[in-house]
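Breakdown of the fold
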Amino acid sequence: MSRHRNVRSMDYKEEYEGYDDVFGHSVDDEGCISPTDAQQWIYDRARGQQSIATFMASNRDIQEEDEGREDDEEHEKERRDSESYQLPELPDDEMVRLMSVMDEIRSIVGDSVTEKRLVETIMRFNYDMAQSLDSILNPPTTTACATATKITEKESSPAIEKGVGPRLLEKFAKPPAAPTVTVTPTTDKANVKRGFEVNSPNLQSPVVSGRNTPEIGDEGRTPSRAGAKESHRNAQEMYQKERKSGKSHIHMVVIGHVDAGKSTLMGHLLFDLGNVPQRMMHKYEQESKKVGKSSFMYAWVLDETGEERTRGITMDVGSSRFETDNKIVTLLDAPGHKDFIPNMISGATQADVALLVVDATTGEFETGFESGGQTREHALLVRSLGVSQLGVVVNKLDTANWSQERFDEIVGKLKVFLKQAGFKEGDITYIPCSGLTGENLVKTPTDDKLLSWYSGPTLVNVIDNFKTPERSVEKPFRMSVNDIFKGTGSGLCISGRIETGVVCLNDKILVCPLREQAQVKGIQIDEVSHNSGFAGDQVSITLSGADISNISVGHMLCDMANPVPVAQRIRARIVVFNVRVPITIGFPVLLHHQSSIEPASIVKLKAQLHKGSGEVIKKNPRCLGNNSCALVEIETIKAICVEKYSDIKELGRIMLRVGGVTIAAGLITDIVK
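This report concerns the structure included in the present document. (Residues numbered from 1 in each chain as written. Predicted model: local features only at pLDDT ≥ 70, side-chain atom pairs only at ≥ 80, totals over all residues. Heavy atoms only, no water.)

Scanning all chains against the criterion turns up 18 salt bridges. Across the pair Glu 366 and Arg 406 runs a salt bridge, and its minimum N-O distance is 3.1 Å. Remark: Arg 406 occurs in helix α19 (residues 404–421) and Glu 366 occurs in helix α17 (residues 364–369); sequence separation between them is 40 residues. As far as burial versus exposure is concerned, Glu 366 and Arg 406 are alike and both buried. Arg 571 is the partner of Asp 670 in a salt bridge, and the nearest nitrogen-oxygen pair spans 3.2 Å. In this pair, Asp 670 is assigned in strand β22 (residues 661–671) and Arg 571 in strand β16 (residues 566–576), connecting sequence segments 99 residues apart. Since its relative accessible area comes to 30%, Asp 670 is described here as partly exposed. You can call Arg 571 buried: its relative accessible area is 19%. One salt-bridge network, in which partners are shared between bridges, spans Arg 569, Arg 571, Glu 633, Glu 635 and Asp 670. (Salt bridge = Lys/Arg side-chain N within 4 Å of Asp/Glu carboxyl O. Helix = DSSP H or I, 4+ residues; strand = E, 2+ residues; numbered from the N terminus. Buried < 20%, exposed > 50% of the residue type's maximum accessible area, 1.4 Å probe, protein only.)

Below is the structure:
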């Protein structure tokens with residue numbers, strides 16, 4: 001017997017009695033819709049009842065809705081005005097006040113207010129932050145704003161200060177008359193141009209980032225207001241006016257073998273000069289004692305990260321600033337461990353002078369000076385990067401009981417090596433010191449054993465007597481990107497060293513090699529805002545209009561009117577140091593240029609040269625061995641920003657490394673492609 005219901009004999013009226021929403025039944029009528037009635041719901045193109053043409057023919061008087069259109073047009077106009085707006089020419093003190101008030105208001109309102117309106121409001125209220133912010137946050141009504149612009153100078157100035165909003169509404173409640181528009185026909189239709197000049201030789205396709213930034217061709221230059229402004233700028237006169245009146249500024253890198261006492265030496269120097277408070281030094285002393293490293297208390301002044309303090313070595317370049325009698329010194333404490341040589345190179349590229357620290361302890365100096373130690377490699381690196389002045393600090397001489405024999409032994413070995421590396425004897429100074437006890441750092445030494453044979457200068461005197469190198473401010477603007485970070489405001493911050501030229505606020509620049517266009521919105525030197533930066537300055541620049549995804553460490557900021565050359569193949573004159581395998585065609589290397597590190601290969605050996613005279617010894621050699629000099633062609637995987645050494649020395653130096661060892665250094669003689 002079936003368990004299912006008998007559907008054949010079921011009375012459906014009885015089954016669905018009391019239900020009104022049975023599927024297939026109408027609410028009002030239980031019958032079905034006939035096919036004839038259903039045709040009214042079926043679309044038929046032939047009838048044309050629902051066609052848009054029929055609808056428009058019978059409804060010709062429909063008015064378009066303009067709601068929100070005026071607001072959109074006004075917003076678009078404000079956006080265009082803000083992008084093309086240039087700050088007014090003001091004296092330095094007023095410009096600083098203006099930028100300070102703008103930063104404070106920007107931190108509150110963000111980017112909702114255009115720069116033009118912000119500047120005009122601040123200047124109207126005479127740089128008063130409270131009144132300017134109140135005017136921006138509480139704007140008058142549209143009618144009052146539109147009509148208030150017609151007030152004469154006699155009425156407007158005192159009225160604004162006394163709160164004239166209600167009276168303006170009463171006085172100008174009557175809507176203004178419609179403006180009269182006069183159409184002037186164009187007389188010369190032949191000279192009318194529409195669109196772009198497609199065949200212009202100076203404009204190429206947009207950059208790969210997708211932005212509409214024109215690339216500048218080699219045959220001509222794209223005219224721009226920023227380029228015209230910079231061409232009339234007298235860089236030397238600006239530099240003499242702003243920088244020559246005070247102390248000269250130098251960058252000093254501290255190099256040497258690992259555990260030579262570099263961080264302790266410079267930390268004690270900063271403490272003796274008064275740059276580290278006593279309470280902070282006491283804190284470092286207590287914390288270092290807790291972890292069993294009491295002798296590291298001075299090193300913690302520069303080694304700030306937890307990993308550096310735990311491992312007891314410097315890993316990144318520590319930076320600080322101090323002053324002597326005649327100098328303002330930016331101190332760069334480079335790591336000594338061979339694993340962090342790339343960081344050391346990044347710091348050395350920013351330096352004008354160097355301090356080479358060696359450990360006088362018996363056996364320690366020999367370890368750092370022999371093959372595989374970092375004393376030799378660091379000295380070669382800084383000389384290859386253009387540093388010519390060197391101070392050699394014989395540290396920890398107190399462990400040798402201030403022995404003159406030990407000091408003379410170290411100096412004798414270093415003199416021969418440094419002369420071979422390219423340093424002149426007149427540019428090298430040797431100083432006996434003790435970083436832990438502070439002997440002969442700032443004050444004249446007091447130990448009788450040292451005084452018995454040494455009467456030379458202290459470490460601070462040596463630093464103070466360094467010569468300030470000439471700054472290439474008259475050359476085109478070039479700045480290497482060392483770091484990228486998001487600032488407190490709305491812009492993107494780029495930190496690095498200005499190699500050549502000068503940069504000012506509101507300058508338009510290019511970020512190469514992608515040629516991304518940007519505008520300078522802020523310049524900071526040692527966390528202090530400035531209106532300009534010159535060659536040799538370590539600055540942080542705030543940019544607007546640039547995409548952070550298109551900027552990397554090693555890129556170059558440059559002048560729009562004179563961009564930096566971008567190349568993948570260069571010709572260079574190199575000096576080979578020590579290589580395990582002779583260099584042949586196709587030899588893979590890592591090319592270090594400023595702060596960029598790019599994989600490359602040596603694709604051609606042009607000639608082997610004499611190290612002294614530079615004469616060609618052999619053309620197209622098969623290989624290059626130790627201590628040889630040659631002219632080679634190097635090709636990188638990615639394009640890099642370089643300059644010929646004859647044009648800009650700061651950007652014409654390269655280094656080649658393989659397997660963590662520097663094998664060669666050279667000068668760029670030509671850019672192939």
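Where helix α6 (residues 115–124) contacts helix α7 (residues 129–137), the two axes come as close as 8 Å, and the packing angle between them is 135°. Classed by the angle they form, the pair α6 and α7 counts as oblique. Judged by the sense of rotation from one axis to the other, the crossing of α6 with α7 is right-handed. Judged by residue contacts, Arg 117, Leu 118, Thr 121, Ile 122 and Arg 124 of α6 engage Ser 132, Ser 135 and Ile 136 from α7. (Axes fitted to C-alpha atoms, helices over the stretch in contact; angles between N-to-C directions. Parallel < 35°, antiparallel > 145°, perpendicular 65-115°, else oblique. Left-handed = near helix turned anticlockwise from the far one by under 90°. Contact = heavy atoms within 4.5 Å.)

What follows concerns the pairing of strand β10 (residues 508–512). For β10, a buried count of four out of five residues is recorded, marking the element as mostly surrounded by other parts of the structure. Direction of pairing for β10 relative to strand β11 (residues 516–525): antiparallel, over a ladder of four bridges. Bridge pairing in β11 links Ile 509 to Ala 518. From the end of β10 to the start of β11, which pair antiparallel, there are three residues, and Arg 515 there has a positive phi angle of about 55°. Two elements, β10 and strand β15 (residues 556–559), share four bridges in a ladder whose sense is antiparallel. Its bridge partner lying in β15, Cys 512 is registered against Met 556. (Pairing = 2+ DSSP bridges.)

A few words on the nonpolar core. If you look at the biggest cluster of nonpolar residues, it comprises 72 residues, and the most contacted ones within it are Met 252, Met 266, Leu 355, Leu 414, Leu 418, Leu 459 and Ile 463. The element best represented in this core is α19, accounting for seven residues. Setting aside anything within four residues of it in sequence, one finds Met 266 in contact with Met 252, Val 254, Leu 302, Leu 331 and Leu 355. Of all hydrophobic cores here, the second largest spans 24 residues; its members include Phe 587, Leu 624, Ile 654 and Leu 656. (Core = buried A, V, L, I, M, F, W, Y, C linked by side-chain atoms within 4.5 Å.)

The subject of this paragraph is the sheet that holds strand β3 (residues 327–333). By definition, the strands of a sheet pair up through backbone hydrogen bonds, in either a parallel or an antiparallel sense. Spatial strand order, β2-β3-β1-β4-β5-β6: six strands in an open sheet with mixed pairing. Looking along the sheet, the strands with just one partner apiece sit at the ends: β2 (318–323) and β6 (428–432). With direction set aside, neighbouring strand axes in the sheet form an average angle of 25°. Pairing of β2 with β3, which is carried by six bridges, proceeds in the antiparallel orientation. Its bridge partner being in β3, Phe 322 is matched across the sheet by Val 329. Contacting β1 (248–256) and β4 (353–359), helix α18 (residues 374–384) crosses the sheet at an angle of about 150° to β1.

For the rest of this paragraph, the subject is the side chain of Asp 507. If you trace the backbone, Asp 507 turns up in the loop between β9 (502–504) and β10. Looking at Asp 507, its side chain comes within polar contact range of the main-chain nitrogen of Cys 504, at 2.9 Å. (Polar contact = N/O pair within 3.5 Å; in protein donor to acceptor, adjacent residues only side chain to side chain.)

Here helix α13 (residues 262–272) lies mainly inside the structure; nine of its eleven residues are buried. Turning to α13, its buried residues number three or more, namely Lys 262, Ser 263, Thr 264, Leu 265, Met 266, Gly 267, His 268, Leu 269 and Leu 270. Considering only its buried residues, α13 is in contact with β1, β2, β3, β4, β5 (390–395) and α21 (459–464). Note on α13: the residue one or two positions beyond its end, Gly 274, has a positive phi of about 90°.

This brings us to the environment of Val 589. Inspection of the secondary structure assignment puts Val 589 in strand β17 (residues 587–593). When its relative accessible area of 6% is taken as the criterion, Val 589 is described as buried. For the pair Val 589 and Pro 599, spaced ten residues apart in the sequence, the C-alpha separation amounts to 6.2 Å. Setting aside anything within four residues of it in sequence, one finds Val 589 in contact with Glu 598, Pro 599, Ala 600, Ser 601, Leu 656, Arg 657, Val 658 and Ile 663.

Structurally, Glu 439 can be placed in the loop between β6 and α20 (448–451). What Glu 439 contacts, discounting residues up to four positions off in sequence, is Trp 402, Cys 433, Ser 434, Pro 445, Thr 446, Asp 447 and Leu 450. Of the polar contacts made by the side chain of Glu 439, one reaches the backbone nitrogen of Asp 447; its length is 2.9 Å.

Quick look at the packing of aromatic side chains now. Counted by the stated rule, this structure contains five aromatic pairs. With a centroid separation of 5.3 Å and an interplanar angle of 45°, the aromatic rings of Phe 407 and Trp 453 are classed as tilted. With Phe 407 in helix α19 and Trp 453 in the loop between α20 and α21, this pair connects stretches of sequence that are 46 residues apart. Residue Phe 407 is classed as buried on the basis of its relative accessible area of 8%. A ring pair is formed by Trp 453 and Tyr 454, whose centres lie 6.1 Å apart and whose planes are at 70°; its orientation type is edge-to-face. Both residues of the pair, Trp 453 and Tyr 454, belong to the buried class. (Phe/Tyr/Trp six-rings, centres within 6.5 Å; stacked < 30°, edge-to-face > 60°.)

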